[in-house]
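# Remarks on the overall topology
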2 protein chains.
Amino acid sequence: MSKPTTRDLAAAAGVSLATVDRVLNGRDGVRAKTIEKVNAAIHDIGFVRDQTAATLARKRFYYFVFVLPDRQDEFLSLIVSSVAEAGRALRHERVTARTLRVPTNDPHSVVQALGALARDGVDGVAVMAPETPQTRDAIQRVRDQGIAVVTFVADQPNAARDRFIGINDVDAGRTAATLIGRFCGAAPGTVLVIAETIQSRDSLDRRHGFDAVVQQDFPHLHASPTIETYADSARTERVLSNALAATPDLRAIYLMSSASAAALSALDAHGVAPDCVVIAHELTSLTRQSLISGRLSAVITQDIGHLVRSALRVLRAKAENAPTVESQERIRIEILLEANLPRLEETPEVSG
Amino acid sequence: MSKPTTRDLAAAAGVSLATVDRVLNGRDGVRAKTIEKVNAAIHDIGFVRDQTAATLARKRFYYFVFVLPDRQDEFLSLIVSSVAEAGRALRHERVTARTLRVPTNDPHSVVQALGALARDGVDGVAVMAPETPQTRDAIQRVRDQGIAVVTFVADQPNAARDRFIGINDVDAGRTAATLIGRFCGAAPGTVLVIAETIQSRDSLDRRHGFDAVVQQDFPHLHASPTIETYADSARTERVLSNALAATPDLRAIYLMSSASAAALSALDAHGVAPDCVVIAHELTSLTRQSLISGRLSAVITQDIGHLVRSALRVLRAKAENAPTVESQERIRIEILLEANLPRLEETPEVSG
DNA sequence: GGCTATTTGAGGTGCGTACCTCAAGTAAAG
DNA sequence: CTTTACTTGAGGTACGCACCTCAAATAGCC
């Protein structure tokens, strides 16, 4: 009646506990035939390994690191506090999570940070950094050392990561275009597209998706070339001011990068028509406030808590060689209006 | 260096293991002063109870039941399979989850189902049923028996449930109104509002939020009285046909209930202008298909997997008297367009 | 100070698995 | 048929905590 244990499994397979252990944990020194026998018995009696007991017996703790850009924007600091919060919640479950800020635009720094992981006894790492040949190789080396690696928020499709945790940026761009197109209505006009830089993969992907939808579904709209702010407020002010002056038929603005603070304040300073549709990425206190005030029409975002927890779950599953529930790890592209803004939680703490 | 155990805690508090155990598990027979001493030591040495070892030692399994309406619509069958999937994934973690279909419109049936739970050794229950005085009392009785109760999808605000797992329906209605208002543009016209019934709390709440936003932000639009389909296709066909004929200035349709199949096929049969904005609730194969075909402009939904997992996490935390991570349990009101539709997963199974 | 009622300590067992050792067994190769 | 190499079994300890019992210590009371 009660759940079968390894003991039952050994009996059912007609082998000893030691052999069952060898099979379950993939140790060698077992004939293929015997492995088969055990697997058959697993199936027969419906044996399910008790993760609770297993992690306890393993007397292991898991140590995971998030390697993040050292840029100071709110999106990143939300990630940092989310990692801290998740780490607190997971103390009960033998998991430690830390963040490591690195100048990720310098591949050498990333390589160095990744290289130091094994020395620190890290079991898994989530990396948010642009893909370069150097980082690709470093990721390969980290994995060769038996450390699980996920790319985080920004994928490195050609790197040997275990998985990518984040959204599809082409679809994010398509979503932005659809919203702008539908919010703008039938009258023709221009959409300003503003990004921190067009060098990054996410900007390229979003732009690609954006253009595809504008061309196909909203041909009466004209999307401007991407205006780069380089995350510099003086420059942002200047280029935006020029662009606005040069665009009499402005209908919408797409703030493509996660750091929209500079652009938003430049827009406020300059002033645009109240019916100008503005869409930004990532829910921060600033974009939340702008949604409420009506300055922003919509925000396209990903749930940061979900991102972080998903990364930790996946890293842990890899480290424990356990399965993951795929449907739980799909990060959604969320559209936020003022109406469906998540209410601010009173207690950002773990509570019980 | 390593994590403090109960042994370390006992030493730090200057008491025995037995006393530590009494304090940690809230057994009585301990002087208030001693409890204080132990709690101080917990704080001092940063003791964190190891949930893994605790559940193992408790030799307990958790058995949770979802009490769901016996209506046959796709939304419900998605919930059922999601519960099954979560149950499979949680076998590793000493959790069993089942669904129980009940004619929830009959309070007596709900009361009976809830009454049987304790007999079956159930540790927690998620209830999706309309609030009535009878169900309210039954929930109270269930909780008095030490069984955790969450209301699920449909809240019963006045019942003594531990928590509600689901979205805020007023905000859902506000979201629908905002989308319709923005998609329709400035021209005046009528919005048809269609629901299965206006008796249910979720319909009332959604309608309330919807009207508030239409009146405030889109006064040029006129929202029709709620048209009830009673989930009957013949009736749906008839009332919809009448309504369409009587509404020459139709601009949009809001399908307010989770079961939109009958209404959508009636719309298809009857034919409406291609630029008519149509918004429905819940992502099902039908609404997905309708988004792709363009029949639907947007779908407002909640992640069913998240709902189910959240309910199970909360029930388990209550049963174990453990904390929950609040930020993880907030169910989001999601807006789906064709562009941000989650891709269908190839393997709906647990993999890894 | 003696009594009772309450509080505490000591020590044990078990949860299901991991991981180790050493001896005994079996198969393959010559 | 022997030798060697590979497989398997038996049995143990440990993980951190829950839960039990019984005796001993202490507090509160008159």
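Residues numbered from 1 in each chain as written. Chains lettered and ligands numbered in written order. Predicted model: local features only at pLDDT ≥ 70, side-chain atom pairs only at ≥ 80, totals over all residues. Heavy atoms only, no water.

### Focus: the overall build of chain A
- The helix and strand inventory of chain A stands at 13 helices and 11 strands.
- Structurally, chain A occupies a C-alpha span of about 80 × 45 × 40 Å along its principal axes.
- Across the 352 residues that make up chain A, the buried fraction comes to 54%.
- Within chain A, contacts between residues at least 6 apart in sequence are counted, and of these 71% link residues at least 24 apart.
- The positive charge centre, built from 40 side chains, and the negative charge centre, built from 42, are 8 Å apart in chain A. (Helix = DSSP H or I, 4+ residues; strand = E, 2+ residues; numbered from the N terminus. Buried < 20%, exposed > 50% of the residue type's maximum accessible area, 1.4 Å probe, protein only. Contact = heavy atoms within 4.5 Å. Lys, Arg positive; Asp, Glu negative; His and termini not counted. Charge placed at Lys NZ, Arg CZ, Asp CG, Glu CD.)

### Points about the interface of chain B and chain A
- At the junction of the two partners, chain B supplies 52 residues and chain A supplies 52 residues.
- In this assembly, chain B packs against chain A so that about 5,000 Å² is buried in total across both faces, 51% of it on carbon and sulfur atoms.
- By the criterion of area lost to chain A, the three top residues of chain B are His92, Arg182 and Arg332 of chain B, representing 14% of everything that side buries.
- For the pair chain B and chain A, the number of links is 10 salt bridges.
- With a shortest N-O distance of 2.7 Å, Arg332 of chain B and Asp303 of chain A are connected by a salt bridge.
- Run the count over chain B and chain A and you get 18 residue pairs in polar contact (both at pLDDT 80 or more). (Buried area = accessible area lost by both parts, 1.4 Å probe. Salt bridge = Lys/Arg side-chain N within 4 Å of Asp/Glu carboxyl O. Polar contact = N/O pair within 3.5 Å; in protein donor to acceptor, adjacent residues only side chain to side chain.)

### Overview of the sheet that holds strand E10 (residues 298–301) of chain B
Residues and elements named next belong to chain B.
- Spatially, E7-E6-E8-E9-E10-E11 is the arrangement adopted by the six strands of the open sheet, whose pairing is mixed. The open sheet terminates on both sides in strands that have one partner only, identified here as strand E7 (221–228) and strand E11 (334–336). On average, adjacent strands in this sheet sit at an angle of 20° to one another, irrespective of strand direction.
- Pairing geometry for E10 and E11, over three bridges, is antiparallel. When the sheet's bridge partners are listed, Val299 is paired in E11 with Leu336.
- Strand contacts of helix H9 (residues 201–217): strand E6 (189–195), E7, strand E8 (250–255) and strand E9 (277–281), with the helix running at about 170° to E7, the strand carrying the most contacts.
- Contacting E6, E7 and E8, helix H10 (residues 233–245) crosses the sheet at an angle of about 155° to E7. (Pairing = 2+ DSSP bridges. Axes fitted to C-alpha atoms, helices over the stretch in contact; angles between N-to-C directions.)

### Considering the domain arrangement of chain A
Residues and elements named next belong to chain A.
- For chain A, the domain assignment lists domain 1 (6–49), domain 2 (62–166 + 305–331) and domain 3 (169–301).
- Domain 2 and domain 3 are separated by 30 Å when their C-alpha centres are compared.
- On the side of domain 3, 10 residues touch domain 2, which itself brings nine residues to the contact.
- Seen at the junction of domain 2 and domain 3, the total is one salt bridge.
- When the shortest N-O distance is used, the salt bridge between Arg201 and Glu131 registers 3.9 Å. (Domains from an automatic or database assignment.)

### What to know about H10 of chain B
All names here are of chain B.
- In a regular helix each residue adds 1.5 Å, so 13 residues correspond to 18 Å; H10 covers 18 Å between its end C-alpha atoms and thus fits that length.
- All of the buried residues along H10 are Thr236, Val239, Leu240, Ala243 and Leu244. Buried residues of H10 fall within an arc of 135° about the axis and therefore sit on the same side. Seen from the open side of H10, the exposed residues pointing more than 90 degrees away from its buried face are Ala234 and Ala245. (Expected span 1.5 Å × (residues − 1). Arc of directions from axis to C-beta.)

### Focus on the side chain of Glu320 of chain B
Residues and elements named next belong to chain B.
- Inspection of the secondary structure puts Glu320 in helix H13 (residues 304–320).
- A relative accessible area of 9% places Glu320 in the buried class.
- Polar contacts involving the side chain of Glu320 include one to the side chain of Gln51, which spans 3.2 Å.
- Among residues more than four places away in sequence, those in contact with Glu320 are Gln51, Thr55, Arg58 and Tyr62.

### Focus: the UniProt feature "domain: HTH lacI-type" (unreviewed entry) in chain A
- Under the present numbering, the feature "domain: HTH lacI-type" (unreviewed entry) in UniProt falls on residues 4–58 of chain A.
- Across residues 4–58 of chain A, the secondary structure splits into 67% helix and 0% strand, with the terminal C-alpha atoms separated by 20 Å. (UniProt positions renumbered as here; feature names shortened; annotations may be inferred.)

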